[in-house]
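Now for the letters of each chain:
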Amino acid sequence: MNFQKLKYAIVVANSGSFRAASRRLYMAQSSLSTAIKELEEEYQIQIFERTKRGIFITEEGSEFLTYAEDILSQVKTLEQRYLGDNDRHMFSISGQHYDFAAEAFARLVDEESGRKDWNFRFLETSTSRVIDDVRHSYSELGILYLNDSNRRVIEQHLDHYELVFKKLGLFYPHAFLGKNHPLANLKKIYLEDLKKYPIIKFEQAKGSSLQFSEESLEGNFEGEQVIYASDRATVINLLAKTNAYLLGSGIVTSPFSLLERTIPIVDGEASEIGYIQARYRKNSELAEKYIDHLRKMVKNEK
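Just so you know, these numbers come straight off a predicted model, no measurement behind them. (Residues numbered from 1 in each chain as written. Predicted model: local features only at pLDDT ≥ 70, side-chain atom pairs only at ≥ 80, totals over all residues. Heavy atoms only, no water.)

**Describing the overall build of the protein chain**
Applicable threshold: Under the DSSP-based scheme used, a helix requires at least four consecutive residues in state H or I and a strand at least two consecutive residues in state E, with every element numbered from the N terminus. Here's how the labels work: a residue is buried when its accessible area is under 20% of the maximum for its type, exposed when over 50%, partly exposed in between, all with a 1.4 Å probe on protein chains only. Pairs of residues are marked as contacts when any of their non-hydrogen atoms sit within 4.5 Å. For every accessible area listed, the method is Shrake-Rupley and the probe measures 1.4 Å; residues are considered covered only by the protein chains on display. Only four residue types enter the charge count: Lys and Arg as positive, Asp and Glu as negative, with His and the chain ends excluded. To locate a charge, the coordinates of NZ of Lys, CZ of Arg, CG of Asp or CD of Glu are taken.
Within the protein chain, the regular secondary structure consists of 10 helices and 12 strands. Expressed as lengths along the three principal axes of its C-alpha atoms, the size of the protein chain is roughly 70 × 50 × 35 Å. Considering the protein chain as a whole, with its 302 residues, one finds that 47% of them fall into the buried category. Across the protein chain, every contact between residues at least 6 apart in sequence was considered, and the portion connecting residues at least 24 apart equals 77%. Summed over all atoms, the accessible surface of the protein chain reaches about 16,800 Å², with 48% contributed by carbon and sulfur. Across the protein chain, the centroid of the 40 positively charged side chains sits 3 Å from that of the 44 negatively charged ones.

**Some words on the nonpolar core**
Rules: Only buried Ala, Val, Leu, Ile, Met, Phe, Trp, Tyr and Cys residues count toward a nonpolar core, and they belong to the same one when joined by side-chain atoms within 4.5 Å.
Judged by nonpolar contacts, the single largest core of 24 residues is most densely connected at Phe91, Phe100, Ile143, Ile273, Tyr290 and Leu294. The dominant element in this core, judged by the number of residues it contributes, is helix 10 (residues 285-300), at 7 residues. The next biggest cluster of nonpolar side chains, apart from the first, holds 20 residues, and it includes Ala21, Leu32, Leu39 and Phe64.

**Considering the sheet that holds strand 6 (residues 163-171)**
Sheet strands pair by backbone hydrogen bonding; their relative direction is either parallel or antiparallel. So the rule is basically this: Strand pairing requires that DSSP identify at least two bridges connecting the strands. As a rule, the C-alpha atoms of each element are fitted with a line to give its axis, helices using only the stretch in contact, and angles between N-to-C directions run from 0 to 180 degrees.
Across the sheet, 5 strands lie side by side as 4-3-5-12-6; this open sheet has mixed pairing. On the outer flanks of this sheet lie strand 4 (118-124) and strand 6, each paired with one strand and no other. In this sheet, adjacent strand axes meet at a mean angle of 20° when their direction is disregarded. Of the pairings in the sheet, the one linking strand 5 (residues 141-146) to strand 12 (residues 271-278) comprises 5 bridges and is antiparallel in character. Looking at the pairing, Leu146 lines up with Glu272 of strand 12. Relative to strand 4, helix 5 (residues 99-111) is tilted by about 170°, and along the sheet it contacts strand 3 (89-95), strand 4, strand 5 and strand 12.

**Some details on the packing of helix 1 (residues 3-15) against helix 3 (residues 29-43)**
Filter applied, for reference: Convention used here: angles under 35 degrees read as roughly parallel, angles over 145 as roughly antiparallel, angles from 65 to 115 as roughly perpendicular, and any remaining angle as oblique. Here a crossing is taken to be left-handed if its near helix is turned anticlockwise relative to the far helix by less than a right angle, and right-handed if that turn runs clockwise.
Where helix 1 contacts helix 3, the two axes come as close as 9 Å, and the packing angle between them is 110°. When the axis of helix 1 is compared with that of helix 3, the two are roughly perpendicular. At the point where helix 1 passes helix 3, the crossing takes the left-handed sense. Contacts between helix 1 and helix 3 pair Lys5, Leu6, Tyr8, Ala9 and Val12 from the former with Leu32, Ala35, Ile36, Glu38 and Leu39 from the latter.

**Concerning the domain arrangement of the protein chain**
For clarity, the cut-off: A domain assignment, automatic or from a database, supplies the domain bounds used here.
Partitioning the protein chain into structural domains gives domain 1 (3-82), domain 2 (88-167 + 276-300) and domain 3 (171-271). Its C-alpha centre places domain 1 at a distance of 44 Å from the equivalent point of domain 3.

**Remarks on empty space enclosed by the protein**
Stated precisely, the cut-off is as follows: Here a cavity denotes grid points, spaced 1 Å and computed from the protein atoms alone, that fit a 1.4 Å probe unable to get out, and a pocket denotes an open set having protein on both sides within 12 Å along at least 5 of 7 lines; residues with an atom within 4 Å of a point are the lining. Grid points are joined across faces, edges and corners, and a volume is the space filled by probe spheres set on the points. We call Asp, Glu, Lys and Arg charged. Ala, Val, Leu, Ile, Met, Phe, Trp, Tyr, Cys and Pro are nonpolar, and the rest, Gly among them, are polar.
Applying the stated criterion across every chain, the model contains 2 cavities of 30 Å³ or more. Residue lining of the largest cavity: 21 residues in total, with His97, Phe176, Phe202, Arg232 and Leu246 positioned closest to the centre. Among the secondary structure elements, those contributing two or more residues to the lining of the largest cavity are helix 9 (232-241) and strand 10 (245-248). Among the elements that take part in the lining of the largest cavity, helix 9 stands out by supplying 4 residues, more than any other. Classifying every residue of the lining of the largest cavity gives 12 nonpolar, 4 polar and 5 charged. A domain split of the lining of the largest cavity shows at least three residues from each of domain 2 (88-167 + 276-300) and domain 3 (171-271). Of the voids in this model, the second largest cavity is the one considered here, and its volume is about 40 Å³. Lining the second largest cavity, in full, are Glu140, Leu141, Gln277, Ala278, Arg281, Lys282 and Asn283. Of the residues that constitute the lining of the second largest cavity, the class distribution is 2 nonpolar, 2 polar and 3 charged.

**Focus on unusual backbone geometry**
The residue Gln44 is not glycine, and still its phi comes out positive at about 55°. With respect to the helices and strands, the residue Gln44 is situated in the loop between helix 3 and strand 1 (48-51). Phi angles above zero are rare outside glycine, and Glu162 is one such case at about 60°. Here Glu162 is to be found in the loop between helix 7 (151-160) and strand 6. Glu162 gets classed as partly exposed once you look at its relative accessible area, which sits at 36%.

**Remarks on helix 1**
Each full turn of the α-helix corresponds to 3.6 residues, which orients residues three or four apart in the same direction. Test applied: Here the expected length of a helix is defined as 1.5 Å per residue gap, with one fewer gap than residues.
Compared with the 18 Å implied by 1.5 Å per residue over 13 residues, the 18 Å span of helix 1 between its first and last C-alpha is a close match. For helix 1, every residue scored as buried is listed here: Lys5, Leu6, Tyr8, Ala9, Ile10, Val11, Val12 and Ser15. Following helix 1 by one or two positions, Gly16 has its phi on the positive side, about 90°.

**With respect to the packing of aromatic side chains**
Note the threshold: Each aromatic pair joins two rings of Phe, Tyr and Trp (for Trp, the six-membered one) with centres within 6.5 Å, and gets the label stacked for planes under 30 degrees apart, edge-to-face for over 60, and tilted for any other angle. In our convention, an over-ring charge means Lys NZ or Arg CZ found within 6 Å of a ring centre and within 35 degrees of that ring's normal.
All told, the structure shown has 9 aromatic pairs when counted by the stated rule. Joined through ring pairs, the aromatic side chains of Phe91, Phe105, Phe120, Phe122 and Tyr290 make up one cluster. One cation-aromatic arrangement involves Arg121 over Tyr138; the distance from NZ or CZ to the ring centre is 3.9 Å.

Below, the structure written as structure tokens:
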């Protein structure tokens with residue numbers, strides 16, 4: 001397998017033409033075209049359809065390029081680990097939008113502030129991106145939840161990509177409300193109580209399964225106004241300024257807890273909160289320390 005030719009194919013696909021790709025690669029267009037032709041002959045497929053209007057990715061080419069990106073991602077990780085600058089490493093976490101996960105990360109970074117050989121990265125993102133980040137070793141761990149509604153679909157993806165879910169604990173759904181929300185003083189709440197108010201949802205990747213939603217309840221939200229956001233800062237501002245609400249775990253450990261109310265939902269079922277990791281990869285020292293912070297936070301919130 002020629003990794004360089006795989007890289008060429010990815011660049012051509014992203015550039016939209018052989019001419020643009022050859023410029024990006026600083027090579028002759030004829031040489032690039034020959035390399036792609038050799039790649040297609042080697043695997044006996046047609047990756048690109050060449051027309052007078054330009055190139056188009058074929059159906060089998062689209063599938064091939066997906067595998068090629070996976071392979072090159074792993075090669076890049078391998079090269080960075082063993083051939084790159086080993087004086088500084090990256091500890092990375094990807095997760096759904098959980099306050100306690102970010103707080104645990106902040107505590108870890110503070111605890112390891114003297115470690116000049118490490119950089120740190122925390123990514124709050126969509127469910128599919130969490131899985132992809134761990135799958136491609138972009139992040140060592142991913143934070144998400146499982147329940148009866150999403151378990152089968154999520155576990156199918158994890159099994160396919162050789163990932164495993166490790167349970168940290170249970171949580172029951174809560175409604176997140178601003179301090180001035182009309183329902184803010186309730187001690188418990190039913191989904192029916194929330195139906196006339198706008199609901200906030202975290203944006204998921206385009207084309208994602210409904211089971212990849214971060215809302216752990218399957219309430220009937222038909223007719224409600226939906227406000228989509230991609231980050232917790234926007235959500236907190238929306239809760240403070242509007243009568244919208246968010247469904248979440250209720251585990252809030254950072255100072256943001258002073259800006260909102262979390263009220264348990266009576267008709268909500270328990271979900272498992274946990275982390276995912278590569279099945280055959282041993283956790284790093286920092287990963288174990290981070291998991292320990294997570295466990296303490298989830299335990300304290302029970």
